[in-house]
Amino acid sequence: MPQDMLPEEKLSGQLAFFPEMESEEPASSMQDMRPIPVPAAEQLDHWHICILLSDILLRFEGILPEDWLYGIAVTSGHFSYFVYMDAVGALLEQNAVTRCQKDGVSCLMLTPSGMQSVKHTRYYVPKFFRDTVHLTALRYVARQKALRDLKIVLEPDGREWSISIACFDQGREMMSLRIHAPALESAELLRERILRNPARFFGKLLDLALTNEEEQYDLSEN
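All chains use their own residue numbering, which begins from 1 and follows the written sequence. For a predicted model such as this one, the threshold for reporting local features is a pLDDT of at least 70, and the threshold for listing and counting side-chain atom pairs is 80 or more; totals across whole chains, interfaces and linings nevertheless cover every residue. To get the side-chain values, take all heavy atoms of the structure and skip hydrogens and water.

Visitor: Mind showing me how you'd approach the nonpolar core here?
Guide: Looking at soluble globular proteins, one finds that nonpolar side chains tend to be buried together. Residues belong to one nonpolar core when they are buried, are Ala, Val, Leu, Ile, Met, Phe, Trp, Tyr or Cys, and are joined through side-chain atoms within 4.5 Å. When accessible area is computed with a 1.4 Å probe and restricted to protein chains, residues below 20% of their type maximum are described as buried, those above 50% as exposed, and intermediate ones as partly exposed. Ranked by internal contacts, the top residues of the largest apolar core, which has 31 residues, are Leu 53, Ile 56, Leu 64, Leu 69 and Tyr 84. For this core, the elements supplying multiple residues, two or more each, are helix H2 (46-59), helix H3 (66-75), helix H4 (81-93), strand E3 (105-110) and helix H6 (127-149). Numbered from the N terminus, helices here are DSSP runs of H or I no shorter than four residues, and strands are runs of E no shorter than two. It is H2 that contributes the most residues to this core, seven residues altogether. Contacts: residue pairs with any heavy atoms within 4.5 Å of one another. With residues up to four places along the chain from it excluded, the contact list for Tyr 84 reads Leu 53, Glu 66, Leu 69, Tyr 70, Ala 73, Val 74 and Leu 108.

Visitor: Would you explain the side chain of Arg 130 in this entry?
Guide: Tracing the chain through its elements places Arg 130 in helix H6. At 5.1 Å, Asp 131 is the nearest oppositely charged side chain to Arg 130, a buried residue that forms no salt bridge. For this count, His and the chain ends are skipped, Lys and Arg are scored as positive, and Asp and Glu as negative. Put simply, a salt bridge is a Lys or Arg side-chain nitrogen that is within 4 Å of an Asp or Glu carboxyl oxygen.

Visitor: Sorry, what's going on with the pattern of salt bridges here?
Guide: Charged atoms that come close allow side chains of opposite charge to pair. All told, the structure shown has five salt bridges when counted by the stated rule. The shortest N-O distance in the salt bridge between Lys 127 and Asp 131 comes to 3.0 Å. Note that Lys 127 and Asp 131 are positioned in helix H6 at a spacing of four residues, about one turn of the helix. The salt bridge involving Arg 143 is made with Glu 192; its shortest N-O contact spans 3.2 Å.

Visitor: Quick question: what am I supposed to make of the sheet that holds strand E6 (residues 172-181) here?
Guide: The strands making up a sheet associate through backbone hydrogen bonding, with each pair oriented either parallel or antiparallel. Two strands are said to pair when DSSP picks up at least two bridges between them. Pairing is antiparallel in the open sheet, where three strands are placed in the order E4-E5-E6. The open sheet is flanked by strand E4 (150-157) and E6, the only strands paired with a single partner. In this sheet, adjacent strand axes meet at a mean angle of 15° when their direction is disregarded. Across the face of the sheet, helix H7 (residues 184-196) comes into contact with E4, strand E5 (160-169) and E6 while running at roughly 170° to E4. Lines are fitted to the C-alpha atoms to define the axes, a helix being fitted only along its stretch in contact, and any angle between axes, read from their N-to-C directions, falls within 0 to 180 degrees.

Visitor: I'm lost on the pairing of E5 in this one. Help?
Guide: Along a regular strand, successive side chains alternate from one face of the sheet to the other. Pairing of E4 with E5 involves eight bridges; the strand directions are antiparallel. Paired with Val 153 across the strands is Ser 164, a residue of E5. Between the end of E4 and the start of E5, which pair antiparallel, lie two residues, with Gly 158 showing a positive phi angle near 70°. Between the end of E5 and the start of E6, which pair antiparallel, lie two residues, with Gln 170 showing a positive phi angle near 55°.

Visitor: Quick question: what am I supposed to make of the packing of aromatic side chains here?
Guide: To describe a pair of aromatic rings, you give the distance between the ring centres and the angle between the ring planes. Each aromatic pair joins two rings of Phe, Tyr and Trp (for Trp, the six-membered one) with centres within 6.5 Å, and gets the label stacked for planes under 30 degrees apart, edge-to-face for over 60, and tilted for any other angle. Per the counting criterion, the structure on display carries six aromatic pairs. Over the ring of Tyr 123 we find Arg 122; its NZ or CZ atom is 5.0 Å from the centre of that ring. Whether a charge sits over a ring comes down to the Lys NZ or Arg CZ being within 6 Å of the ring centre and within 35 degrees of the ring normal.

Visitor: What is the right way to read the packing of H2 against helix H5 (residues 112-121) from this model?
Guide: Any two packed helices are characterised by the angle at which their axes cross and by the distance between the axes. Remark: H2 packs on H5, axes separated minimally by 9 Å, with the N-to-C direction vectors making an angle of 110°. When the axes of H2 and H5 are compared, the pair comes out roughly perpendicular. The two elements H2 and H5 meet at a crossing, and its hand is left-handed. Residue-level contacts link Ile 51, Ser 54, Asp 55 and Leu 58 of H2 to Met 115, Val 118, Lys 119 and Thr 121 of H5. Charged residues are taken to be Asp, Glu, Lys and Arg, nonpolar residues to be Ala, Val, Leu, Ile, Met, Phe, Trp, Tyr, Cys and Pro, and polar residues to be all remaining types, Gly included. Of the residues assigned to the contact of H2 with H5, the class counts are four nonpolar, two polar and two charged. If an angle is under 35 degrees, it is roughly parallel; if it is over 145, roughly antiparallel; if it lies from 65 to 115, roughly perpendicular; otherwise it is oblique. Crossing chirality is assigned from the near helix's rotation relative to the far helix, an anticlockwise turn below a right angle marking it left-handed and a clockwise turn marking it right-handed.

Set out below in structure tokens:
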């Protein structure tokens, strides 16, 4: 009789076997694991920092107020004062960057040769550092422009606080607003939220004013 035609024999107490599942790591082993450390700015050498500072200028049409670039690089905590000054000095010496005056403000500006150089060398700086510093730069510049066009004053008002906001365009006041907040913390939070994107904030106010409609009343059961 062929082998495949044999009747199936059932054994009493027959056990079923399943593939063994991969065991999880013991808790003690998981606790011993350490996250991959975030790269530190100290890993960049002098040449990389020069490129990175030039790249920040390039993002903003090749020119920034000198104290803004200092705020982005040093005040924000990316580089030390001495590392920053050494890099700026090298860029000036190599004629990659020059000092100039714009609207009465001392600025650092890329020269034509400096602009061409950074376009070819910017990718030598690891993307992690480029993204981190550029994000700081975008936020810093946006905030400085907002502070230039806005005047926000927090004032105590009895037990509450008031936020006085004035929006300017070329020195001319375009809009003013006063908001009450129950506490200083709430007023500071509201100020910070407005400064994150003041153009969007005032744009929504104007859009609401232009599209505001009279409330519709239901007289069907009158």
